[in-house]
Amino acid sequence: MSIMKHISSIIARIGVWFVIASYGIMIVVTLIEVFRRYFFGQSFEWAEELVRFLLVSSTFIGGSVAYKKANLVFFDLLQNKLPKKKNDILNVINSFIILLFLLGVLKLGIDYTASPSIMLQKSPGLGMPMLIPYGAIPLGILFMVIFTVENLLERLQSVLGKGGNEIC
Amino acid sequence: MLIVVVAVFAILLIIGLPIAFVLGATGLTHLLVLGDTSFYPVAIQRMFSGINSFSLMAIPFFVLAGELMNRGRVTDKLVDLARECIGHKRGGLAYTAVLVAVFLSAILGSANAVCAILCSVLVPEMVKDKYSPAFSTSLIASSAIIGPIIPPSVTFILYAVLAGTSVNALFMGGIVPGILLGIGYMAVIYFIAKKENFPKYKEKMELSKVIKALIYAAPALIIPLVIVGGILTGVFTPTESGAIACFVAFIAGMFIYKSLKWSDLPKVLLDTGILTSSIMLIIAMGNVLGWTLAIDQIPKLLSDAILSITDNPAVVMILILFALLFIGMFMEAFASMVIFVPVFAPIALAVGINDVHFGLVFSLMISVALITPPVGMCLFVSSNITGVPLGSLSKSIIPFVVVSFIVVLLIAFVPQIVLFLPNLLL
Amino acid sequence: GNGDEKEAGTEGQTYTLRLGHVTQVTHPFHIGAQKFADKVAEKSDGRITVELFPARALGDDRELLEQVMNNTLDMGVISGPVFSAYTPVIDTLQLPFMLNTYEKELAAVQSEEMSAILDSLNQFNLKGLGVFEGGMRHLANAKKPIQTPEDLKGLKLRATQSDLVLKILTALGANPTPMAYGEVYTGLQTKVIDGEEINLTSISSEKHYEVLTNVTEMGLFPFPGICVMSQAKFDSLSEEDQQIITEAANEAMIELLGELPSIDQTAVENITANSSVEILTTVDTAPFKEKVMGIYDEYTAKNPLIKDFVEMAKGL
Ligand code: NA
Ligand code: NA
């Protein structure tokens, strides 16, 4: 349990700094490009591509941080109406469904990234193997899986723990 | 078959999964239901391609520019300016709210951002001035939908990416509907103010105070000038103008308002990243469903069905507006755009509706859906912040919803109102 | 899976093939795809249906290509430059001023050298069936008539996202910048770009003539769409059906190339009827060609298939 928490907090910190660095680079590169084009009429072919790939990677890695911080949008209409105990149970069910979904996406993500259509492909601007930007998807999803497991363990403990007390 | 997909969507939505996961799981369910295992790999590709777009980069830039401006306590300065301009009318603070929403909309790209700021800044003041909490909250929630209509706009960017329409033209076309919405809400205030005898904020307008407030607010007002001006003169694309807006906001925050420190930057970038990621994740996951619907020929079936009834553009427009009204009552805005722009835009094009005009009407309708009960993001955000229950908010917002629909209909059937600006300027 | 299908064969079976591409239904790619679909239906007595997904309904070019490689999508008509992410051989068709008329292209695409190039795609699980031409590319701009390479100096031209095309325009002395197709009209209008490398039908259908002033017809390079099928899918078909597919694609390719001169002529008539765009057709391309010779050396060194094709094309 505490190991799970430890791993999850390290991953979250990696995610946070990845997002900060990506957004820093995206804005600086785009600004440089605007000035270069405006004043010199030139642009780097790779710049736009780099910015796009950073946007994709930071969506999945930053998305995992947003998920951990409960910043992903959801409708709480039902959850607001349920009493605490039932709400806890609903949360456990939700985490199970999310885990199932994420594991499915993780499997698909690894398969797709490892397929020849991606492994043999080079990006036109940077000449970078497409494995790298695509790989961010299974990586971000893996982060989400870890956060879900952590959350699920915590919720289960709270549901079962309280249940036990009531029986006594 | 499709009924299974719809059921999975509804159940996951109701039990409270994040919208992004609801969409992803629904897409995967549709892939399973289609029953061809060779389709599975496409899920990851669609997630990637949904956000692999330079135009979408404008979204984080507009978010970042807004975050940077907020740190400079820009909202206070805009409130002061609006008050000095219009506070002497009956219901002065209510008019002020609409005016501030219009100013803020020219800086911020989304309704939620405008809504969150106005709710925390203006609703307490309005309640102090004896406006009812329900009226104040519905006024703010409604005014917030001007956010994505007046450029910059996250909604227009997403529409342009999905439909291949020109972002610049949509931006130019959004100015008039945004102002019309503002005027419409002011009209609502005017009628209610008489009935309820709303207070005036101050006795009369003083020019010297207006000018002083204008000077304080000037750096904030530069942002929209940079964005709209940059696009108009063709100096920058919308994405680039977003980057420039960040630069201006940074300079203003650092050196003019002096409210921004270097050490604030990581936090600002992180907040931007997290907010953007949660939008992008919805777009990425929703894109899976876009593909499964297409391979299942659903858009074509729907289009054939509509075109077999009529090819009259006005009738098609009405049919699509009704569909969007219904969709907007139950779905989140970005999710419904990712799924339904590829469905409806080709139909509109097929009957000869101008693509920019249709893009404006569609985006406007999706934005109005933010305040139509039962599911509307601006209703949720404002109810959360002000504590007004959704039930009473859903009633008090009705006059504003009605006015919004009048504006939508006006723009849907008198295209010249919105098209003259892009035609004139671009 | 495909293994089972292969053993069962498809002799006499009724089935549907899905074909995706990115262009609107007025574009030559779609005209070619439609011809192909009609011919397959006719040859198989309606047994095989080719279902078309135009206008990016299933994804952009790169994504459609990935889908065909993964057997997700049966077929696609994919813009030539996209293949360069995997192999340079398809770029051969777009070497500058080589296939500068439709007659030359018609002869070239039916050559053994072309077949060798298409066959080489099977290492990516792709069965290359033919070349659906999208329309010869020329130079268009909103500033001045282009008669010599000097006129191109510093001109900001929108280019297709293609390493080769960017190299060609740079070698000619222009300032190429990749840009989304949908933004070109406003890009020209707001002077973000001065011009573009483009085909005549696009100038006409996208109304670029409203914001252009000059077009120089110079046969810069063709714009081929490669009709590909998943190799695994192709192998799973009966021999009879494989022949139907191959023949239909070949006939569609030849018919389309035969019609392109008149398709271009219609476009020119529409442009001149609706605008005062000046179209030059008699420019001496020799000084332009001189500037891009280095590109030939670079590409023929990349792959023997390219070298063979270039030698064949020189004899046309
Ligand atoms: Na806005
Ligand atoms: Na709604």
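Everything quoted here is computed from the prediction, not taken from an experiment.

Colleague: Sorry if this is basic, but what is going on with the interface of chain C and chain B here?
Modeller: Where interface size is quoted, it is often the accessible area lost as the parts come together. On the side of chain B, 25 residues touch chain C, which itself brings 20 residues to the contact. At the boundary of chain C with chain B, total buried surface from both sides reaches about 1,800 Å², with 49% on carbon and sulfur atoms. Viewed at the interface, chain B and chain C are joined by one salt bridge. Note that Arg46(B) and Glu63(C) form a salt bridge whose closest N and O atoms lie 3.1 Å from each other. There are nine residue pairs in polar contact (both at pLDDT 80 or more) connecting chain C and chain B. Sorting the residues of the side of chain C that touches chain B by element identifies strand 2 (48-53), helix 3 (61-69) and helix 7 (184-189) of chain C as the ones contributing at least two each. With four residues, the top contributor of residues to the side of chain C that touches chain B is helix 3 of chain C. Counted by class, the side of chain C that touches chain B contains four nonpolar, nine polar and seven charged residues.

Colleague: Teacher, can you tell me more about the UniProt feature "domain: TRAP C4-dicarboxylate transport system permease DctM subunit" (unreviewed entry) in chain B here?
Modeller: UniProt's entry tags residues 7-417 of chain B with the feature "domain: TRAP C4-dicarboxylate transport system permease DctM subunit" (unreviewed entry), counted in the numbering of this structure. Split by type, residues 7-417 of chain B is 77% helix and 0% strand. Its first and last C-alpha atoms lie 41 Å apart.

Colleague: Hey, could you run me through the packing of aromatic side chains in this one?
Modeller: Centre distance and the angle of the planes are the two values used to describe a pair of aromatic rings. This model, assessed by the stated rule, comprises 24 aromatic pairs over all chains. When the ring of Phe75(A) is compared with that of Phe380(B), the centres are 5.4 Å apart and the planes differ by 70 degrees; the resulting orientation is edge-to-face. On the criterion of chain membership, the pair formed by Phe75(A) in the loop between helix 2 (45-68) and helix 3 (77-81) and Phe380(B) in helix 18 (residues 377-386) is interchain, its members lying in two chains. Residue Phe380(B) is classed as buried on the basis of its relative accessible area, which comes to 9%. Note on Phe135(B) and Phe198(B): the rings are 5.0 Å apart at their centroids and 45 degrees apart in plane angle, and the pair reads as tilted. Of this pair, Phe135(B) sits in helix 8 (residues 133-144) while Phe198(B) sits in the loop between helix 10 (167-196) and helix 11 (207-232), and the two are 63 residues apart along the sequence. Assessed through its relative accessible area of 7%, Phe135(B) is described here as buried. Among the aromatic side chains, those forming a connected cluster through ring pairs are Tyr131(B), Phe135(B), Tyr185(B), Phe198(B) and Phe400(B). The ring of Tyr299(C) carries Lys302(C) above its face, with NZ or CZ at 4.2 Å from the centroid.

Colleague: Teacher, can you tell me more about the interface of chain B and chain A here?
Modeller: The interface of chain B with chain A comprises 54 residues on the first partner and 52 residues on the second. Between chain B and chain A, the buried area comes to about 4,900 Å², and carbon and sulfur atoms account for 83% of it. For chain B, the biggest contributors to the area lost against chain A are Phe21(B), Ile44(B) and Phe48(B); these three give 14% of the whole. At the junction of chain B and chain A, the tally comes to zero salt bridges. Summed over the shared surface of chain B and chain A, the number is six residue pairs in polar contact (both at pLDDT 80 or more). When contributions to the side of chain B that touches chain A are tallied by element, the ones reaching two or more residues are helix 1 (2-14), helix 2 (19-34), helix 3 (42-51), helix 4 (58-71), helix 12 (238-256), helix 13 (265-295) and helix 18 of chain B.

Colleague: Could you clarify how one ought to interpret the UniProt feature "transmembrane region" (unreviewed entry) in chain A in this entry?
Modeller: Mapped onto this numbering, the UniProt entry annotates "transmembrane region" (unreviewed entry) at residues 12-35, 50-68, 89-110 and 130-153 of chain A. Summarising residues 130-153 of chain A: 96% helix, 0% strand, and an end-to-end C-alpha distance of 36 Å.

Colleague: Just checking my understanding: could you explain the coordination of the sodium ion (ligand 2) for this structure?
Modeller: Perfect tetrahedral coordination of a metal by four donors corresponds to 109.5 degrees between them, and perfect octahedral coordination by six donors corresponds to 90 or 180 degrees. Binding of the sodium ion (ligand 2) to the protein goes through Gly328(B) (O), Ala369(B) (O), Thr372(B) (O), Thr372(B) (OG1) and Val375(B) (O), at separations of 2.2 to 2.5 Å. Each donor residue of the sodium ion (ligand 2) lies on the same chain, and together they follow the pattern G-x40-A-x2-T-x2-V.

Colleague: It is not clear to me how the sheet that holds strand 2 of chain C should be interpreted in this structure. Could you clarify?
Modeller: Paired through their backbone hydrogen bonds, the strands of a sheet run either parallel or antiparallel. Residues and elements named next belong to chain C. Overall, mixed pairing links the five strands, which are arranged 2-1-3-10-4 in an open sheet. Where the open sheet ends on each side, the last strands, each with one partner, are strand 2 and strand 4 (126-133). Put simply, the sheet's adjacent strands are angled 25 degrees from each other on average, direction ignored. In this structure, strand 1 (residues 15-20) lies alongside strand 3 (residues 75-79), joined through two bridges in parallel fashion. Bridge pairing links Leu19 to Met75 in strand 3. Contacting strand 1, strand 2, strand 3, strand 4 and strand 10 (224-230), helix 2 (residues 28-43) runs over the sheet at an angle of about 165 degrees to strand 2. Each of strand 1, strand 3, strand 4 and strand 10 touches helix 3; the most contacted strand, strand 3, lies at about 145 degrees to it.

Colleague: Whenever I open this one, the coordination of the sodium ion (ligand 1) confuses me. Can you help?
Modeller: All names here are of chain B. The protein atoms that coordinate the sodium ion (ligand 1) are Ser105 (O), Leu108 (O), Gly147 (O), Ile150 (O) and Pro152 (O), at distances of 2.1 to 2.4 Å. Every donor residue of the sodium ion (ligand 1) comes from the same chain, spaced as S-x2-L-x38-G-x2-I-x1-P. Within this pair, whereas Ser105 is found in helix 6 (residues 92-105), its partner Ile150 is found in the loop between helix 8 and helix 9 (154-163), the two being separated by 45 residues in sequence.

Colleague: Any chance you could explain the nonpolar core here in plain terms?
Modeller: In a soluble, globular protein the nonpolar side chains are often hidden away together inside. Ile141(A), Phe135(B), Phe344(B), Phe358(B), Phe362(B), Phe36(C) and Phe309(C) are the most contacted members of the largest nonpolar core, which has 317 residues in total. If one sorts the elements of this core by residue count, helix 13 of chain B sits on top with 18 residues. Among all residues touching Phe362(B), those that are not within four sequence positions of it are Tyr159(B), Leu324(B), Met337(B), Phe340(B), Val341(B) and Phe344(B). Counting residues in hydrophobic clusters, the runner-up holds 18 residues, among them Ala140(C), Met179(C), Ile203(C) and Tyr209(C).

Colleague: Looking at this model, I keep getting lost on the sheet that holds strand 7 (residues 175-178) of chain C. Mind explaining?
Modeller: Residue and element names in this part refer to chain C. What the six strands build is an open sheet, ordered 7-6-8-5-9-11; its pairing is mixed. The sheet is open, and its two borders are formed by strand 7 and strand 11 (278-280), each paired with just one other strand. With strand direction ignored, the average angle separating the axes of adjacent strands in the sheet is 35 degrees. Pairing of strand 6 (residues 156-159) with strand 7, which is carried by four bridges, proceeds in the parallel orientation. What sits directly across from Leu157, in strand 7, is Pro176.

Cut-off values and rules
Residues numbered from 1 in each chain as written. Chains lettered and ligands numbered in written order. Predicted model: local features only at pLDDT ≥ 70, side-chain atom pairs only at ≥ 80, totals over all residues. Heavy atoms only, no water. Contact = heavy atoms within 4.5 Å. Buried area = accessible area lost by both parts, 1.4 Å probe. Salt bridge = Lys/Arg side-chain N within 4 Å of Asp/Glu carboxyl O. Polar contact = N/O pair within 3.5 Å; in protein donor to acceptor, adjacent residues only side chain to side chain. Helix = DSSP H or I, 4+ residues; strand = E, 2+ residues; numbered from the N terminus. Nonpolar A, V, L, I, M, F, W, Y, C, P; charged D, E, K, R; others polar. UniProt positions renumbered as here; feature names shortened; annotations may be inferred. Phe/Tyr/Trp six-rings, centres within 6.5 Å; stacked < 30°, edge-to-face > 60°. Buried < 20%, exposed > 50% of the residue type's maximum accessible area, 1.4 Å probe, protein only. Lys NZ or Arg CZ within 6 Å of the ring centre and 35° of its normal. Donors = N, O, S within 2.8 Å, 3.2 Å for Na, K, Ca; no water. Pairing = 2+ DSSP bridges. Axes fitted to C-alpha atoms, helices over the stretch in contact; angles between N-to-C directions. Core = buried A, V, L, I, M, F, W, Y, C linked by side-chain atoms within 4.5 Å.

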